[in-house]
Amino acid sequence: MSNLHEPFQTLARQRNAAEFGIWIFLASELVFFGGLFTCYSVYRLLYPQGFLAAGAETNLIIGTANTAILLTSSATMAVAVWAGRAGLRRHVLWGLCLTAMLGVGFMVLKAVEYAEDIRKGLVPGAGFAMSERGAEIFFSFYWIMTAIHAVHLTIGVGAVSLAAWRLWRGALDWRGTAFLHVVGLYWHLIDLIWIFLFPLLYLLGRGG
Amino acid sequence: MTDAARPGTPDRGYSLPPSYLNAGTTLKSWLLTTDHKRIGLLYLASITVFFMIGGIAAAVMRTELMTPAGDLVSADTYNRLFTLHGVIMVWFFLIPAVPTTLGNFVLPLAIGARDVAFPRLNLFSWYLNIAGGSLALSALLLGGVDTGWTFYTPYSTLYSNSYVTLAAAGVFVAGFSSIATGLNFIVTVHTQRTEGMGWMRLPLFVWSIYATSIILVLATPALAIVLAMIVGERVFDLGLFDPRRGGDPILFQHIFWFYSHPAVYIMILPGMGVVTEVLTCFSRRKVFGYEAMVFAILGIAIFGFFVWGHHMFVSGQSTFASLIFSLLSFVIAVPSAIKVFNWSATLYGGHITFEASMLYALGFVGLFTMGGLTGLFLASIPIDVHVTDTYFIVAHFHYIMVGGMVSAFFAGLHFWWPKITGRMYSEGFARAAALLMFVGFNVTFFPQFILGFMGMPRRYWSYPPEFQILNLMSSFGAMILTLAYALPMIYFALSLWRGRMAGDNPWRATGLEWATASPPPRENFVQRPVVDRAPYDYHPAHGEPTEREDDPDREKRDDRPEDPA
Ligand code: HEM
Ligand SMILES: [Cu+2]
């Protein structure tokens, strides 16, 4: 197993390319979410009352718990990346496994929350429960944003688990390559986006 | 250069030396290849298919428009036809065309690289493109979509009962393919340049693909999000664009054009790059104002993000916004004009020869200028209000997209064909096709400027009788165009088994891609080239010995690997 792939001639150059590539990808993701945030802000300005009322209906407890979980997972991911740099295989394994488990935990909680939302009629469409103008739009964004975030998280959990499995089997190029760093940056992006979603979707309308 | 003077062996029955083409000949070796050159050819094949499908739709439309009555197809079918045509041509032909075919093939060679930075991602993005194309095509064939290629809301979300969801999903998937390709090129240019290939020595074709890639990476996600919102709206009834529930349909247009205006530069910048290479080569002059060209390319890429509102002068956006967008649109014309001036200055005093590829490139300059100038008309609010959604618009964007970009695509294809296949095509046929394309194009689209000014709206399947003469001209021109597009397929195909050997550098061009064999070996260069001079080191026309036709050494020289710069 060689860590160096075509068309690269040195490992350092290959590492640079991979890191540069993931940064470009992240920039592209930021535009993607940026578009969503822009739309959200436009409607927020149009319907301040509706958004406040709707924002008070989300489940603050689950939202907060999930924020804590994701922040912790970012730390465990960072541990894995640093351990990788130091060449500590066992620590990398642990870091990755914990990260994946926390990711799954997030999704389980999220599923519980979704079920509750559906029960409360917070799904846009014919049976929508609230009457303030704009509340429905708020929930449209709630669903789109959290769903897209969940898709990213699912991909992240998949990638991290796969990495852990391959590392365990000894089939992963991790020494000297940017692999862990790339996965780590991706994971931090998921975390970062949630940090924006949390106040927009959960803290709104709870000022008292 | 005449046919007879071309380097090459008279014997047509020889076989090519070992190259990327015969390194593995099974279908699997092609479908699983990670060689950027083969991937370029995979794209060439798929894009040709898309172009033909889009073209057939255009032909049917132009036939319908030969008579004032809507007698060939129903209004509804006509709507589905122009949508099919627009969706395929924009999303699946124009946007990917040059970057994925010529860009994939030439860019790594031109910077002396072994391959793109992420070869497997490159292959993956071809599959994404095919997947997106299949989704969209299936939507268009199952029953069609009648929204136009822009999917404007609320029509597309509330009223259209066609396969919008499937088509939007297809474009969405193709968008990821674009992002992956752009990312790959950016990283490739940063990390794979060979020794001595500094930024200010990059060929302008590489610069233009680089700038295009930046737009691909930073604009496409905006399209993705707005398409996702359309799908969400249709499938889950979200109400984001439904005015009755507080949604705002104009918001869609803002985000859509935030992507789609830069996207017109995705469609034209690569063409500008191709044309620059061709013009300097066949006028044997260094590009005039290399630095200015680089800044113009980057300027176009950046300012392209600030003018989207000129598509919305009649949408109900505020007058103030319209004024700003109008002003900015004039500003962005400046870098484009710089490019036209520099091309002219490059040609001026050059030792110009009219190879087919040069004819296409010259055609590009003329038609692009025409499209660009009418673009200035459209940037002025009063004129735009008068001609909005008339054939004036149709003529304007066809001048840029078809007259400009498609010409450039053909220029590049003819220019690099000998490198790609190792063989020459029939220069005589090719020149005839280039001229025919130019004539056919103008006959088709020039009358539409007049039609538009007279007030004929676009997207109608019938019209008042007084418009018939001009429409007939246009349809007649379209027939000429069809022929002109069919010709290259024939002589290119013929060249594959009958074409003479091209030699490494039939045009005596200076780019690195010409410093390796034609077709190149799998690993591009046997020995990695080193660059020790500025690009476009052509010897100026003045005083160049006129040896081109009768120099006894020319064959030898042409087959010799030239100094790599
Ligand atoms: C080759 C000959 C071509 C002909 C005869 C032709 C003809 C037409 C016609 C009749 C329309 C409908 C105009 C309307 O009613 O608004 C149209 C629209 C359009 N064409 Fe072409 N076209 C050609 C090539 C192309 C190419 C190569 C492209 C792009 C690569 C292109 C892009 C478009 C677009 C984007 C629209 C707008 C579709 C819409 O309204 O949704 N066309 N074309
Ligand atoms: Cu525009």
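Residues numbered from 1 in each chain as written. Chains lettered and ligands numbered in written order. Predicted model: local features only at pLDDT ≥ 70, side-chain atom pairs only at ≥ 80, totals over all residues. Heavy atoms only, no water.

Caption draft 1: Main features of the overall build of chain A. Broken down by element type, chain A carries six helices and zero strands. Considering chain A as a whole, with its 208 residues, one finds that 50% of them fall into the buried category. Summarising the internal contacts of chain A: among those between residues at least 6 apart in sequence, 81% fall at separations of at least 24. Carbon and sulfur atoms provide 70% of the accessible area of chain A, an area that totals close to 9400 Å². (Helix = DSSP H or I, 4+ residues; strand = E, 2+ residues; numbered from the N terminus. Buried < 20%, exposed > 50% of the residue type's maximum accessible area, 1.4 Å probe, protein only. Contact = heavy atoms within 4.5 Å. Areas by Shrake-Rupley, 256 points an atom, 1.4 Å probe, with all protein chains shown as cover.)

Caption draft 2: Local environment of the overall build of chain B. When you go through chain B residue by residue, the secondary structure sums to 16 helices and zero strands. The C-alpha atoms of chain B give 23 Å as radius of gyration, which agrees with the globular expectation for 565 residues (24 Å, within 12%). Oriented by its inertia axes, the alpha-carbon framework of chain B measures out at about 75 × 50 × 45 Å. Surface summary for chain B: the accessible area is close to 20100 Å², and the carbon and sulfur share equals 71%. (Rg over C-alpha atoms; globule rule 2.2 N^0.38 Å.)

Caption draft 3: Representation of the confidence of the model for chain B. All names here are of chain B. Of all residues in chain B, 93% have pLDDT values of 70 or greater, and the mean over the chain is 90. Segment residues 1-11 is flagged for pLDDT under 50; beyond a separation of four residues in sequence, or across chains, it makes 31 contacts in the model. Per-residue pLDDT stays below 50 along residues 541-565; that stretch engages in 56 contacts with residues further than four places along the chain or on separate chains. Taken together, the chains of this predicted complex give a pTM of 0.91 and an interface ipTM of 0.93. (pLDDT = per-residue confidence, 0-100.)

Caption draft 4: Layout of the coordination of the iron atom of ligand 1. Residue and element names in this part refer to chain B. In this structure, H85 (NE2) and H398 (NE2) serve as the protein donors to the iron atom of ligand 1, at separations of 2.0 to 2.1 Å. Each of the six donor atoms bound to the iron atom of ligand 1 contributes to angles spanning 85 to 179 degrees, and the resulting shape is octahedral. In this pair, H85 sits in helix α3 (residues 75-110) while H398 sits in helix α13 (residues 391-421), placing the two residues 313 residues apart along the sequence. In this structure H85 comes out as buried when scored by relative accessible area, which is 14%. (Donors = N, O, S within 2.8 Å, 3.2 Å for Na, K, Ca; no water. Tetrahedral: all angles 85-135°; square planar, octahedral: opposite > 155°, others 65-115°.)

Caption draft 5: Inspection of the interface of chain B and chain A at higher detail. Taken together, the 35 residues of chain B in the interface contact 31 residues of chain A. At the boundary of chain B with chain A, total buried surface from both sides reaches about 2800 Å², with 70% on carbon and sulfur atoms. Taken together, chain B and chain A are joined by two salt bridges. The residue E136(A) makes a salt bridge to R245(B) at a minimum N-O spacing of 2.4 Å. At the boundary of chain B with chain A, the tally comes to 10 residue pairs in polar contact (both at pLDDT 80 or more). For the side of chain B that touches chain A, the secondary structure elements donating two or more residues are α6 (164-191), α7 (204-236) and α8 (249-283) of chain B. For the side of chain B that touches chain A, the per-class residue count stands at 22 nonpolar, six polar and seven charged. (Buried area = accessible area lost by both parts, 1.4 Å probe. Salt bridge = Lys/Arg side-chain N within 4 Å of Asp/Glu carboxyl O. Polar contact = N/O pair within 3.5 Å; in protein donor to acceptor, adjacent residues only side chain to side chain. Nonpolar A, V, L, I, M, F, W, Y, C, P; charged D, E, K, R; others polar.)

Caption draft 6: Geometry of the coordination of the copper ion (ligand 2). Residues and elements named next belong to chain B. Taken together, H261 (ND1), H310 (NE2) and H311 (NE2) make up the full set of protein donors to the copper ion (ligand 2), lying 1.6 to 2.0 Å away. Donor residues for the copper ion (ligand 2), ordered by position in the chain, follow H-x48-H-H. Here H261, found in helix α8, pairs with H311, found in the loop between α9 (290-303) and α10 (319-347); they are 50 residues apart in sequence, far enough to count as distant. Looking at H261, the relative accessible area reads 4%, which means it is buried. The exposure class of H311 is partly exposed, given its relative accessible area of 29%.

Caption draft 7: A look at the nonpolar core. Ranked by internal contacts, the top residues of the largest apolar core, which has 239 residues, are L96(A), F141(A), W91(B) and F151(B). Sorting elements by how many residues they give to this core places α3(B) first, with 21 residues. Once residues lying within four places of it in the same chain are set aside, the contact partners of F151(B) are V87(B), W91(B), V145(B), S156(B), V164(B), A167(B), A168(B), V171(B), L227(B), I230(B) and F252(B). (Core = buried A, V, L, I, M, F, W, Y, C linked by side-chain atoms within 4.5 Å.)

Caption draft 8: Representation of the site of ligand 1 in the model. All names here are of chain B. The local shell around ligand 1 holds 26 residues, among which H85, L94, H398, R458 and R459 are the closest. At 3.4 Å from an oxygen atom of ligand 1 is found a side-chain nitrogen or oxygen belonging to Y391. Secondary structure elements with two or more residues in the shell around ligand 1: α2 (36-64), α3, α13 and α15 (468-498). A per-element tally of the shell around ligand 1 places α3 first, with eight residues. Of the residues assigned to the shell around ligand 1, the class counts are 19 nonpolar, four polar and three charged. (Near = heavy atom within 4 Å.)

Caption draft 9: Highlighting the packing of α13(B) against α15(B). Residues and elements named next belong to chain B. Direction vectors running N to C along α13 and α15 enclose 5 degrees, while the axes themselves pass 12 Å from each other. Considered as vectors, α13 and α15 are oriented roughly parallel to each other. Across the interface between the two elements, V402, V406, F410, L413, H414, W417 and T421 of α13 pack against Y485, P488, Y491, F492, S495 and L496 of α15. (Axes fitted to C-alpha atoms, helices over the stretch in contact; angles between N-to-C directions. Parallel < 35°, antiparallel > 145°, perpendicular 65-115°, else oblique.)

Caption draft 10: Expanded view of the layout of surface pockets. Within this model, the second largest pocket holds a volume of roughly 1900 Å³. What lines the second largest pocket is a set of 45 residues, and nearest its centre among them are I22(A), F179(A), V182(A), F118(B) and L121(B). Breaking the lining of the second largest pocket down by element, the ones donating at least two residues are α1 (11-46), α5 (135-169) and α6 (179-203) of chain A together with α4 (119-142), α6 and α7 of chain B. Residue classes in the lining of the second largest pocket are distributed as 30 nonpolar, eight polar and seven charged. (1 Å grid on protein atoms, 1.4 Å probe; cavity = no way out; pocket = protein on both sides within 12 Å on 5 of 7 lines; lining within 4 Å. Points joined across faces, edges and corners; volume = space filled by probe spheres on them.)

Caption draft 11: Focus on the environment of T99(A). All names here are of chain A. Within the element layout of this structure, T99 appears in helix α4 (residues 89-119). The class for T99 is buried, based on a relative accessible area of 0%. Between the C-alpha atom of T99 and that of L26, which follows or precedes it by 73 residues, the distance is 20 Å. Those residues in contact with T99 that sit more than four places away from it in its chain are S73, T76, M77, V160 and W187. Within polar-contact distance, the side chain of T99 engages the backbone oxygen of G95 at 2.6 Å.

Caption draft 12: Geometry of a nonpolar patch on the surface. All names here are of chain B. A cluster of nonpolar residues, M52, M489, I490, L494, L496 and W497, forms a patch on the protein surface that exposes about 600 Å² of accessible area. Sorting elements by how many residues they give to the nonpolar patch places α15 first, with five residues. Its place among the elements puts M52 in helix α2. (Patch = residues over 30% accessible without salt bridge, like charges linked within 9 Å, V, L, I, M, F, W, Y side chains within 5 Å.)

Caption draft 13: Summary view of the UniProt feature "transmembrane region" (unreviewed entry) in chain A. Residue and element names in this part refer to chain A. The feature "transmembrane region" (unreviewed entry), as given by UniProt, occupies residues 20-46, 58-80, 92-112, 141-165 and 185-204 in the numbering adopted here. As annotated, residues 58-80 has a helix share of 91% and a strand share of 0%, and its two end C-alpha atoms lie 33 Å apart. Helix and strand shares over residues 185-204 are 95% and 0% respectively, and the end C-alpha atoms of the span are 28 Å apart. (UniProt positions renumbered as here; feature names shortened; annotations may be inferred.)

Caption draft 14: Molecular detail of helix α14 (residues 427-454) of chain B. Residue and element names in this part refer to chain B. In this model α14 runs 41 Å from its N-terminal to its C-terminal C-alpha over 28 residues, within 8% of the 40 Å that 1.5 Å per residue would give. Largest kink in α14: about 25 degrees, centred on V443, with the proline P447 one to four residues after it. Trailing α14 by a residue or two, G455 shows a phi angle of about 110 degrees, which is positive. (Expected span 1.5 Å × (residues − 1). Bend = angle between axes of the 7 residues up to and from the residue.)

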